[in-house]
Amino acid sequence: MGGFGRYLAAALAARIASEGMGMAVVMLALERTGSAAHGAFVLTAWLAPHVLAAPLAGVAAARARRPRLFHAGALAGFATAVATLTVLLGRAPVPLVLAVAVLGGSCGPMVTGGLSSLITGLVPAGPGRDRAYGWDAATYNAAAVTAPAAVGLVAALGSAGPAMAALAASGALAAILAATLPYEEQGAGQGPGAPRAGLGAGLAALWRVRELRAVTSATTLGFVGIGSLTTVSVLLATELGTPGGGGVLMTAFAVGALGGSLTLGRVTSVESGRLARWALAGTGAALAAAACAPSTAVAAALFALAGVCDGPLLTATLRIRAQYAPDGARTQVFTLGAGLKMTAASTGAALVGVAADVPAAALLTGIAGLLLAAALLHTLMAAPKPGRPDRPDHEGATGTSAGSATTAAGPRTPEGP
């Protein structure tokens, strides 16, 4: 298996562990304590550190003298925390369990954006790298499909404890595979004499580089809606006369997203910003139609269509981050972007909890509106300012170097620098 093949295996294993945690933690808490709320508190402690840990993780990864050891160690810490929670949840004092969850969640940014940032050191610039980001995006969608199903199956055959243990094993496999990747030899990290980006370099790049600012703002707004989609799907299925059909709707969305990332996400002839706008607008339009669906079957078909439209969004986002992030802050840009999206999704989930008494069709229409607004926001923010040349406005972004993908000459293209 080549270097990129091993990367995909490591990314899929890590993201299966991450995607399965939400269901497994709640199931295990319910099994051992009789209270799903206990699991919700642990899950909150697991998710909360993501956005705070993201810039720290990015700086640490960029400054690590042995990047391979750092990434493998972060994944090993993630897996160890899952294994420890498997043993302690419902058995040990709550403060200890929450502390372990916080520590494990602090490794989360390296499972998402941190891993994706390695592709620039594994695949040469050009169409091949663009396709590589499509495959990377597919690992997120594949994990979203398989992880909940695998957790549910293992728990049904035995208990939630073995399901959590399986997630820990998946995380451990990811750490082992990450330790064998060749990116360190291919210059993925900074050289000994390269300038070190500060803690705020990633945030500065996200704000100063027009393309990064546009895609980060748009996806963050869009994920306020996506974060509430699971809850709304349950409410919608119930209103359509199919209690328990929310899982069918979300599975349709996830399968559609996987298909979209493997097909539309591999298109390299469309500019990444335009692809992101189309993805947001298409997802919003499909969900708006689903709000008017007369049956769960029709809603499922429209959710699948929404997923197909959503699939290329992550691919486009990853390409933009890789193309425009300054070298010294690249990992920070990836981890911060992922952390902001996760925080937005958590906000969306909380908001729909407050508005749970509103008709599901109205809530789904609101989600669609957020996605359409996100597409419009990207259009407005990505447009060059009047009177200025159509090029990245990244001058002054912290950490840009001569070898960056965002030097004054503009972003790299497949044909050359």
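Being a predicted model, the structure only gives us computed values, none of them experimental.

### A look at the nonpolar core
Okay, so step 1: In this structure, Tyr 7, Met 21, Trp 46, Leu 75 and Leu 85 are the most contacted members of the largest nonpolar core, which totals 50 residues.
Okay, so step 2: Counting residues per element, this core draws most heavily on helix α1 (residues 3-33), which supplies 11 residues.
Okay, so step 3: When near neighbours in sequence (up to four residues on either side) are disregarded, Leu 85 contacts Met 21, Leu 28, Arg 32, Val 42, Trp 46, Val 97, Val 100, Ala 101 and Met 164.

### Notes on helix α12 (residues 229-239)
Okay, so step 1: Turning to α12, its buried residues are Leu 229, Val 232, Ser 233, Leu 236 and Ala 237. Looking straight down α12, one finds that the buried residues subtend no more than 135 degrees of arc, so they occupy a single side.
Okay, so step 2: Of the residues trailing α12, Gly 241 is marked for its positive phi of about 85 degrees.

### Quick notes on the side chain of Lys 341
Okay, so step 1: As for its placement among the helices and strands, Lys 341 is situated in helix α16 (residues 330-354).
Okay, so step 2: It is Asp 310 that comes nearest to the buried, bridge-free Lys 341 among opposite-charge side chains, at 7.8 Å.

### A closer look at the packing of helix α6 (residues 108-116) against helix α8 (residues 127-157)
Okay, so step 1: Orientation of α6 relative to α8, taken along the N-to-C sense of each, is 170 degrees, at an axis distance of 11 Å. Taken together, the axes of α6 and α8 lie roughly antiparallel to each other. Relative to α8, α6 is oriented so that their crossing is left-handed. From α6, Thr 112, Gly 113 and Ser 116 reach across to α8, where they touch Tyr 133, Asp 136 and Tyr 140.
Okay, so step 2: Its residues placed into classes, the contact of α6 with α8 shows 2 nonpolar, 3 polar and 1 charged.

### Looking at the pattern of salt bridges
Opposite charge on two side chains makes pairing possible when the charged atoms of those side chains draw close.
Okay, so step 1: Tallying each qualifying case throughout the model produces 2 salt bridges.
Okay, so step 2: Between Glu 211 and Arg 210 there is a salt bridge, with its nearest N and O atoms 3.1 Å apart.

### What about the packing of α6 against α16?
Okay, so step 1: At their nearest, the axes of α6 and α16 sit 7 Å apart, and the two run at 135 degrees to each other. The angle between α6 and α16 places the two elements in the oblique class. Judged by the sense of rotation from one axis to the other, the crossing of α6 with α16 is right-handed. Residue-level contacts link Pro 109, Met 110, Thr 112, Gly 113, Gly 114 and Ser 116 of α6 to Phe 334, Thr 335 and Ala 338 of α16.

### Notes on the packing of aromatic side chains
Okay, so step 1: Per the counting criterion, the structure on display carries 3 aromatic pairs.
Okay, so step 2: Centroid distance Phe 4 to Tyr 7: 5.9 Å. Interplanar angle 15 degrees. Geometry classified as stacked. Within this pair, Phe 4 and its partner Tyr 7 are both found in helix α1, separated by 3 residues, close to a single helical turn.
Okay, so step 3: The class for Tyr 7 is buried, based on a relative accessible area of 0%.
Okay, so step 4: Ring plane angle 20 degrees and centroid distance 6.4 Å describe the contact between Tyr 133 and Phe 334, whose orientation is recorded as stacked. Placement of the pair is Tyr 133 in helix α8 and Phe 334 in helix α16, with a sequence separation of 201 residues.
Okay, so step 5: Here Tyr 133 falls in the buried class, since its relative accessible area comes to 1%.
Okay, so step 6: Looking at Phe 334, the relative accessible area reads 0%, which means it is buried.
Okay, so step 7: Positioned over the ring face of Tyr 140 is Arg 15, at 3.9 Å from the centre of the ring.

### Brief notes about the side chain of Thr 219
Okay, so step 1: For Thr 219, the location among the structural elements is in helix α11 (residues 210-226).
Okay, so step 2: Residue Thr 219 is classed as buried on the basis of its relative accessible area of 1%.
Okay, so step 3: Within the structure, Thr 219 has its side chain in polar contact with the backbone oxygen of Val 215 (distance 2.7 Å).
Okay, so step 4: Not counting chain neighbours up to four residues away, the residues in contact with Thr 219 comprise Leu 313, Thr 317 and Lys 341.

Cut-offs applied
Residues numbered from 1 in each chain as written. Predicted model: local features only at pLDDT ≥ 70, side-chain atom pairs only at ≥ 80, totals over all residues. Heavy atoms only, no water. Core = buried A, V, L, I, M, F, W, Y, C linked by side-chain atoms within 4.5 Å. Buried < 20%, exposed > 50% of the residue type's maximum accessible area, 1.4 Å probe, protein only. Helix = DSSP H or I, 4+ residues; strand = E, 2+ residues; numbered from the N terminus. Contact = heavy atoms within 4.5 Å. Arc of directions from axis to C-beta. Lys, Arg positive; Asp, Glu negative; His and termini not counted. Salt bridge = Lys/Arg side-chain N within 4 Å of Asp/Glu carboxyl O. Axes fitted to C-alpha atoms, helices over the stretch in contact; angles between N-to-C directions. Parallel < 35°, antiparallel > 145°, perpendicular 65-115°, else oblique. Left-handed = near helix turned anticlockwise from the far one by under 90°. Nonpolar A, V, L, I, M, F, W, Y, C, P; charged D, E, K, R; others polar. Phe/Tyr/Trp six-rings, centres within 6.5 Å; stacked < 30°, edge-to-face > 60°. Lys NZ or Arg CZ within 6 Å of the ring centre and 35° of its normal. Polar contact = N/O pair within 3.5 Å; in protein donor to acceptor, adjacent residues only side chain to side chain.

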